[in-house]
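Each chain, written out:
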Amino acid sequence: MNRTSRHVVGTMNMIFWLGWTVIYASLAWAADLLPERQHPVVSKVIARLFSYHHYRQMTIDDSASSHSFDYYLQALDPNRSFFLASDLAAFEKYRYQLDDAVNGGQLEPAFAIYNTFIHRVDDRIAYALNPAHQKFDFSVEEFYQPDRSAAPWPKTTAELNEIWRLRLKSEALSLKLAGKDAAGITSTLTSRYTNFQKRVKQNTSEDVFQIFMNAISEAYDPHTSYMSPIASENFGIQMSLSLQGIGAQLTTEGEHTVVVRILPGGPADRSRELWPNDKIVSVGQGSDGKMVDVVGMRLDDVVQMIRGEKGTTVRLEIIPAEAPAGSPPKKLTLVRDKIVLTDREAKSDTLEITHEGHAYRIGVISLPTFYSDMAAQARDEKDYKSTTRDVRQKIEELKKANIDGLIIDLRYNSGGALQEAVELTGLFIDNGPVVQVRNSDGSVKVLKDHDNEVAYDGPLAVLVNRRSASASEIFAAAIQDYDRGLVIGSQTFGKGTVQQLISLDRFIPSAEAKLGQVKLTTAKFYRIAGGTTQHKGVTPDLIFPGDPGDSETGESAERNALPWDQIQPTGFSRWNVVAQFLPQLRARSQQRTARNPEFRLMEEEIERYQRERAKTTISLQESRRLREREAQEDEELALINRRRAIRGLPPLKKGEKAPTIENAPDPLLEESAHIVMDLLLLSQPQYHGKVVEQ
């Protein structure tokens, strides 16, 4: 299950989540951790907030306790590589006691489980650092199972030792294939597992309390969470600093630092080489600084290594999200920069196409996020920046260029200012409701466009993909519900919930220290037609192939996400300009895409990805791994060269890096333009552009 997307949508903060990788024990035995004085009181306050103010309106009872019990164990040992089956049997007595622990402030069960975990980790690190366990024979045919999240808990220490022997061998082989010699492999593994030892010395009872309370919060939904005082402070710092560096939002997943979100307009976004769910395994400074292995390192330490002054260089080694297990890391170089508002502004262009023997001009407005300079607006500045203002201006410019249709490109737009989604919709409709917001008390508020002016009334399409989320989904859903335009692409992300940050200090004002805060899901978005955008997202009118990893991205991939449901629709008047033509539009598009080799390549890439992800084990025999890697590289090179041949480019040789192609063809955008012209000609048969000489 993909856990990285849960903190993505609609934020611009680099979140320091203290997951299971920051709770390892020291090799030196330490006294067991116990709850701090304030924890019983804080747990009771959080319990009341969850029970009475969360959207689910669910009490923390035995059912919630059972779910939280499983979530807590998974948070501590997600790959089932530390606990023994006998530990689980001993813990089972707590399954239905965690609700009483939280509601009554009796937190001993959570700390008892955690302290056992610390001792098990201590044993495992000692095993990993034993030189006798870092010697491997790579000629033997053996296999390793990287994902043990659903595997049985090991029954004996001998069984656990075998799991770790194969784990260490797999890591060593990956390092060898990446160019490390024997000494380098030993040094890297020793450093990697020594990081476990260092982290435990920094561990506190507050860390344990946070992990446990977040296991409780998971029983509600993946976006509700508790942040300790330190995590809250880091969160606030990142509110102002997240726009510095490479423009990537990071979190911790297992022992890896994982990319959560790419900020629009930043160095990572411009590179088109770093994507959500990619794992960062090494970081180097400058053009030739030593690459430092960051597997197992604290997230804040990794962030400090990646962040730096504008204009400086950082090098990363990453494991792409779509890479098969055991793949070598991919190297990329980024120049740090500061992300400014102009990098995220709406941009416009025209696309010239030949359609049924005639030339047409399609306007394209690309919108990376929904933005608004709220500070300038609060100061009553006349010309403050906003999405709607900028798009209105772009529309006027495109109309002067005599466009025949318009595409709003929301691919990779993860959301932003809700009011901008409402006002942007108003540019394309007379007036009326745009989205419904249902609160935890059941009350429903309808957000409306009150402006009767229509900035553009011609043929319209909204282009989306799996990374289009939140405000993007609200806009696309409204255009679809009004039957005002087409929605084209792949199913959107599906985040239709609203979160509120609540400081715990307000409930315990006499506390001697800061108490942290809670991020609570308090409301849900619903379309004007009644269905929510939560979980399902927006299903396009015409479906395009998505990105290879789409099935593991989005709200539906999240554990315990709030479900799709519906409420009463609100009154609105449909434009009736699209639905009647959908069968013909789909048929014509399918005929074109069936002949389009770019679309066939995209479908093959998805099939290849799914085939590789279906493999549950990887070989630990060097010769076989090399053959498999070579076959994968050959297949990937063949796909690249087929695409280059389609575009009239010379083939690449093996080992040659593909250069960045400026203004590379965008087959999805081009097909969208043809669909828009189909819509125009079906609705206005007499309309024709310039005749193209044959």
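What you see is a predicted model; the values in this text were computed from it and never measured.

Basis of the calculations
Residues numbered from 1 in each chain as written. Predicted model: local features only at pLDDT ≥ 70, side-chain atom pairs only at ≥ 80, totals over all residues. Heavy atoms only, no water. Helix = DSSP H or I, 4+ residues; strand = E, 2+ residues; numbered from the N terminus. Rg over C-alpha atoms; globule rule 2.2 N^0.38 Å. Buried < 20%, exposed > 50% of the residue type's maximum accessible area, 1.4 Å probe, protein only. Contact = heavy atoms within 4.5 Å. Areas by Shrake-Rupley, 256 points an atom, 1.4 Å probe, with all protein chains shown as cover. Lys, Arg positive; Asp, Glu negative; His and termini not counted. Charge placed at Lys NZ, Arg CZ, Asp CG, Glu CD. pLDDT = per-residue confidence, 0-100. Arc of directions from axis to C-beta. Salt bridge = Lys/Arg side-chain N within 4 Å of Asp/Glu carboxyl O. Polar contact = N/O pair within 3.5 Å; in protein donor to acceptor, adjacent residues only side chain to side chain.

For this particular structure, what's the right way to read the overall build of the protein chain?
Check the secondary structure of the protein chain and you find 19 helices and 22 strands. Computed over its C-alpha atoms, the radius of gyration of the protein chain comes to 27 Å, within 12% of the 26 Å expected for a compact globule of 694 residues. Dimensions of the protein chain, computed from the C-alpha atoms along their principal axes, are close to 80 × 65 × 45 Å. Here the protein chain holds 694 residues, and the buried ones make up 55% of them. In the protein chain, the share of contacts with a sequence separation of at least 24, taken over all contacts with a separation of at least 6, comes to 77%. Looking at the protein chain as shown, the accessible area adds up to about 29,900 Å², and 51% of this sits on carbon and sulfur atoms. For the protein chain, the distance from the average position of its 84 positive side-chain charges to the average position of its 93 negative side-chain charges is 2 Å.

How should I be thinking about the environment of E352 in this particular structure?
Along the chain, E352 falls in strand 11 (residues 347-355). Here the alpha-carbon distance between E352 and F572, two residues 220 residues apart in the chain, equals 35 Å. Excluding residues that lie within four positions of it along the chain, E352 makes contacts with Y360 and R361.

How should I be thinking about the confidence of the model for the protein chain in this particular structure?
The predicted model of the protein chain averages 87 in pLDDT, with 91% of residues at 70 or higher. For the stretch residues 1-30, pLDDT sits under 50, and the model shows 127 contacts to residues farther than four places along the chain or on other chains. This stretch, residues 236-243, has a pLDDT under 50; its non-local contacts, to residues over four places away or in other chains, come to 16 contacts.

What exactly am I supposed to notice about helix 11 (residues 299-306) here?
Each turn of an α-helix holds 3.6 residues, which means side chains three or four residues apart point in the same direction. Among the residues of helix 11, L299, V302, V303, M305 and I306 are the ones counted as buried. The buried residues of helix 11 occupy an angular sector of 160° when projected down its axis, which confines them to one face. Contact partners of the buried residues in helix 11: strand 4 (248-253), strand 5 (256-262), strand 6 (279-285), strand 7 (292-293) and strand 8 (313-319).

Help me out: how do you make sense of the environment of Y94 in this one?
As for its position among the elements, Y94 is in the loop between helix 3 (85-91) and helix 4 (98-104). Remark: the alpha-carbon pair of Y94 and Y55, spanning 39 residues in sequence, is separated by 27 Å. Here Y94 is in contact with S65, F69, P109, A112 and I113, once residues within four sequence places are set aside.

Just to check I follow, could you spell out the pattern of salt bridges for this structure?
When their charged atoms lie close together, side chains carrying opposite charge are able to pair. For the coordinates displayed, the defined rule picks out 43 salt bridges. R588 is the partner of E356 in a salt bridge, and the nearest nitrogen-oxygen pair spans 3.9 Å. With E356 in the loop between strand 11 and strand 12 (358-366) and R588 in helix 16 (residues 582-595), this residue pair connects regions lying 232 residues apart in the sequence. A single network of salt bridges, built from pairs that share partners, joins E356, R588, R592, E671 and D678.

Even after reading the chapter, I still don't get the side chain of R336, so can you show me in this structure?
Tracing the backbone through its elements, the reader meets R336 in the loop between strand 9 (330-335) and strand 10 (337-338). One buried charged side chain, R336, makes no salt bridge at all; its nearest oppositely charged neighbour is E309, positioned 8.9 Å away. Among the polar contacts made by the side chain of R336, one reaches the main-chain carbonyl oxygen of M305 at a distance of 3.2 Å.

Could you clarify how one ought to interpret the environment of E630 in this entry?
Inspection of the secondary structure puts E630 in helix 18 (residues 622-646). Classification of E630 as partly exposed rests on a relative accessible area of 41%. Each C-alpha atom, one on E630 and one on R592, is 34 Å from the other, the two residues being 38 residues apart in sequence. Here the side chain of E630 touches K654 through a polar contact of 3.2 Å, side chain to side chain.

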